[in-house]
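# Architecture and fold: a report
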Amino acid sequence: MAFEAEVPLFLIVGFSAVVGVSLLTLVFLFIKYRNLNLLFFVVQLVFLIFTFRWLYYLIKIPGDHPMYTAESSLSVGLAGVCWAVSMLFMLIGTYRIIRKKDK
């Protein structure tokens, strides 16, 4: 995909900032409450990082690459799978936290 030269750097900085703040928040909550169910959200962040990696790879593939469409399709598919697994861990973590409060 064609972007301005600064866009990939902005994406990396923005994504890293959001993940960094999220990770610090999870560490703070884990230290404060000692709830092991928060670890599901850490795993979610890991899969979100994998998702970003595949999407970033997608925008960095040169347009004249001989397998451009195949590489793009593979990157989108892998990013989708990583995102789905990320959401699964978020839902498991949310369910386990809510279930623990109900008892």
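The preceding data block contains the structure.
The sections below set out a description of the structure shown in this document. (Residues numbered from 1 in each chain as written. Predicted model: local features only at pLDDT ≥ 70, side-chain atom pairs only at ≥ 80, totals over all residues. Heavy atoms only, no water.)

### A word on the packing of helix α1 (residues 7–33) against helix α2 (residues 39–60)
For clarity, the threshold we go by: Here an axis means a line fitted to C-alpha atoms, over the contact stretch when the element is a helix, while the angle between two N-to-C directions is reported on a 0 to 180 degree scale. Strands are runs of DSSP state E lasting at least 2 residues, helices are runs of H or I lasting at least 4, and numbering of each runs from the N terminus. What sets the label is the angle itself: under 35 degrees gives roughly parallel, over 145 gives roughly antiparallel, 65 to 115 gives roughly perpendicular, and the rest give oblique. Whether two residues are in contact is decided by their heavy atoms, any of which lying within 4.5 Å being enough. The residue classification treats Ala, Val, Leu, Ile, Met, Phe, Trp, Tyr, Cys and Pro as nonpolar and Asp, Glu, Lys and Arg as charged. All others, Gly included, are polar.
One can describe the packing of α1 onto α2 by two numbers: an axis separation of 10 Å at closest approach and a directional angle of 175°. Considered as vectors, α1 and α2 are oriented roughly antiparallel to each other. Taking contact as the criterion, the partners of P8, L11, I12, F15, V19, S22, L23, L26 and F30 in α1 are, on α2, L39, F41, V42, L45, L48, I49, F52, Y56, I59 and K60. Split by residue class, the contact of α1 with α2 holds 17 nonpolar, one polar and one charged.

### A look at the packing of aromatic side chains
The line we're drawing: Any Phe, Tyr or Trp ring, taking Trp's six-membered ring, that has another such ring centre within 6.5 Å forms a pair; planes under 30 degrees apart are called stacked, those over 60 apart edge-to-face, and the others tilted. Residue exposure (1.4 Å probe, protein chains only): buried if accessible area is under 20% of the type maximum, exposed if over 50%, otherwise partly exposed.
Overall, the coordinates contain six aromatic pairs when judged by the stated rule. Geometrically, the ring pair formed by F47 and F89 is stacked, given 5.8 Å between the ring centres and 10° between the ring planes. Of this pair, F47 sits in helix α2 while F89 sits in helix α3 (residues 68–102), placing them 42 residues apart in sequence. Judged by its relative accessible area of 22%, F47 is partly exposed. Look at W54 and Y57: their rings are 6.3 Å apart centre to centre, the planes differ by 90°, and that puts the pair in the edge-to-face class. Here Y57 and W54 lie together in helix α2, a separation of three residues that amounts to about one turn.

Read these as layout, nothing more, since geometry by itself doesn't imply function.
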